[in-house]
Amino acid sequence: MNQMTMPAAAAPTLPDAQTVTSVRHWTDRLFSFRCSRPASLRFRSGEFVMIGLLGDNGRPLLRAYSIASPSWDDELEFYSIKVPDGPLTSRLQHIQPGEQIILRPKPVGTLVHDALTDGRRLWMFATGTGIAPFASLIRDPETYERFDDVILTHTCRDVAELEYGRALVEGVRTDKMLGELLEGRQERLRYYPTTTREESPKMGRITDLLRAGEVQRELGIERIEPGTDRAMICGSMGLNTDLKEILEGYGLREGANSDPADYVLEKAFVGDGI
Ligand code: FAD
Ligand code: A2P
């Protein structure tokens, strides 16, 4: 007997679909990918958007993601954790070029230049995937127009987890166009990587290294103070709490889009989400 075949169902069209153009796996916990950019999407470097996939129930499964590419880039880049049983990333980590993701084109966030008043030195403090918004900001000309001295600190458990940031900084320094942002002075962008679990040239949490005065000593900075220093923080909840206390101890005041001040942080980056 001939079996009846149903006509193939049309492939579901994702709402706000964007196409993945490349994927790179950095470790078994970390990957980055690039995708097409909606023509109408304007964002400020450092902001985040909601991205995701269609859930099993046919509804979008979305999470907040910092845009890691600068605002002038034709494509968008994201840097992601792989949470083994995470509703989104257990699936997103298998994404391939040519496949689609959902991207809600409504960028928001506090890690933006507009939330900081003018200063001479900008600190970017990151742990883990918290480097993502800074991957955008260190490729943004405005960062160097506003600050003479930019310091990116990145703390991870292991050396391999630092690789995305290391390659990024090297890219800024060696790329012809990006290198021009530094006006020939590579020291305008300083990179301070540390690990906490695997042996590396610099070990320890950035908070402990700041409290001990080690970071300041190594970078030749006499003191951190509201007259010169501005800061952005992105990483674990613990980092937020601890660095907030340290920076406020130096006299820095927290800013917001509506009330620019000395430092800003991304609340709930790693935690219960938004
Ligand atoms: P979830 O159910 O969302 O998370 C499960 C658990 O995994 C969490 O409770 C937490 O303990 C842990 N976890 C979640 N995210 C991370 C992380 N990034 N690093 C370490 N542990 C984590 N994640 C990114 O990977 N890259 C980004 O650029 C990024 N930007 C964010 C921006 C904002 C403003 C916020 C609020 C969150 C951001 N996140 C980012 C976290 C992201 O929204 C998701 O939580 C993450 O993708 C995991 O999704 P999930 O559904 O797999 O698991
Ligand atoms: P540690 O290994 O001592 O916990 P994770 O991979 O869990 O997201 O952590 C990324 C990095 O952030 C790790 O090196 C971790 O150090 C560090 N970290 C965690 N909590 C804090 C904190 N309160 N202050 C500074 N660094 C922190």
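All values derive from a computational prediction rather than experimental measurement.

### Quick notes on the nonpolar core
Thought 1: Counting 35 residues, the largest nonpolar core has M124, F134, I138, Y144, L152, L189 and M232 as the members making the most contacts within it.
Thought 2: In terms of domain composition, this core takes at least three residues from each of domain 1 (17-108) and domain 2 (113-265).
Thought 3: With near-sequence residues (within four places) excluded, Y144 lies in contact with I138, V150, V172, L181, L182, R188 and L189.
Thought 4: Core analysis: the second largest hydrophobic core is formed by 20 residues, I151, I206, L209 and Y263 among them.

### Overview of the site of ligand 1
Thought 1: Residues in close proximity to ligand 1 total 21 residues, the closest being A64, Y65, Y79, T89 and T129.
Thought 2: Contact between ligand 1 and A64: an oxygen atom at 2.7 Å from a main-chain N or O atom of the residue.
Thought 3: One nitrogen or oxygen atom from the side chain of T129 is found 2.7 Å from a nitrogen atom belonging to ligand 1.
Thought 4: Contact with the protein chains covers 82% of the free accessible surface of ligand 1, which is 870 Å².
Thought 5: Of all the secondary-structure elements, those providing two or more residues to the shell around ligand 1 are β4 (60-66) and β5 (76-81).
Thought 6: Counting residues per element, the shell around ligand 1 draws most heavily on β4, which supplies four residues.

### Notes on the sheet that holds strand β10 (residues 229-234)
Strand pairing in a sheet takes place through backbone hydrogen bonds and is either antiparallel or parallel in direction.
Thought 1: Strand order in the open sheet formed by five strands is β9-β8-β7-β10-β11, and the pairing between neighbours is parallel. The open sheet terminates on both sides in strands that have one partner only, identified here as β9 (189-195) and β11 (263-265). When strand polarity is set aside, the average angle formed by the axes of neighbouring strands in this sheet is 10°.
Thought 2: The sheet contacts of helix α4 (residues 163-174) involve β8 (149-156) and β9, and relative to β9 the element is tilted by about 165°.

### Some points on the sheet that holds strand β1 (residues 17-25)
Thought 1: Within the open sheet, the six strands sit side by side as β4-β3-β6-β1-β2-β5. Their pairing is antiparallel. Across the chains shown, the open sheet's two edge strands, defined by having one partner strand only, are β4 and β5. Within this sheet the neighbouring strands show an average axis-to-axis angle of 40°, counted without direction.
Thought 2: With six bridges joining them, strand β2 (residues 30-35) and β5 adopt antiparallel strand pairing. Residue pairing in the sheet places C35 in a bridge with L76 of β5.

### Overview of the domain arrangement of the protein
Thought 1: According to the domain assignment, the protein contains domain 1 (17-108) and domain 2 (113-265).
Thought 2: Taking only C-alpha atoms into account, the centre of domain 1 sits 24 Å from that of domain 2.
Thought 3: With 20 residues of domain 1 at the contact, the number on the domain 2 side is 21 residues.
Thought 4: Between domain 1 and domain 2, a total of about 1,700 Å² is buried, with carbon and sulfur atoms accounting for 58% of that surface.

### Let's talk about the state of the cysteines
Thought 1: Going through the model one piece at a time under the given rule, you end up with zero disulfides.
Thought 2: Here C35 is not disulfide-linked; the sulfur of C234 is the nearest cysteine sulfur, at 19 Å.
Thought 3: A residue is classified by how much of its surface remains accessible, and C35, at 0% relative accessible area, is buried.
Thought 4: Summary of cysteine pairing: C234 is not part of a disulfide, and the nearest cysteine sulfur, belonging to C156, is at 12 Å.

How each quantity is defined
Here the residue index of a chain counts from 1 through its sequence in written order. Each chain takes a letter, starting from A, and each ligand takes a number, starting from 1, following the order in which they are written. Owing to the predicted nature of the model, reporting of local features is limited to residues with pLDDT of at least 70; listing and counting of side-chain atom pairs is limited to 80 or more, with chain, interface and lining totals taken over all residues. Calculated side-chain values reflect all of the structure's heavy atoms, with hydrogen atoms and water omitted. Side-chain atoms within 4.5 Å link the members of a nonpolar core, which is a set of buried Ala, Val, Leu, Ile, Met, Phe, Trp, Tyr and Cys residues. Accessible area is worked out with a 1.4 Å probe on protein chains only. A residue is then buried under 20% of its type maximum, exposed over 50%, and partly exposed in between. Domain boundaries shown here were taken from an automatic or database domain assignment. Residue contacts are defined here by distance: any two heavy atoms, one from each residue, within 4.5 Å place the two residues in contact. Only a single heavy atom is needed: when it lies within 4 Å of a molecule or strand, its residue is near that molecule or strand. In protein, a polar contact means a hydrogen-donor-capable atom and an acceptor-capable atom, both N or O and within 3.5 Å, with residues adjacent in sequence counting only if both atoms are side-chain atoms; elsewhere, any N or O pair within 3.5 Å suffices. Note on areas: these come from Shrake-Rupley sampling with a 1.4 Å probe, and a residue is covered only by the protein chains present in the view. Starting at the N terminus, helices and strands are each numbered in turn, a helix being any DSSP run of H or I of at least four residues and a strand any DSSP run of E of at least two. Strands were regarded as paired on the criterion that DSSP finds at least two bridges between them. To obtain each axis, a line is fitted to C-alpha atoms, and for helices this fit is confined to the stretch in contact; angles are then taken between N-to-C directions over 0 to 180 degrees. We define buried area as the total accessible area lost by two parts upon association, computed with a 1.4 Å probe and summed across both. Criterion for a disulfide: a pair of cysteine sulfur atoms within 2.5 Å.

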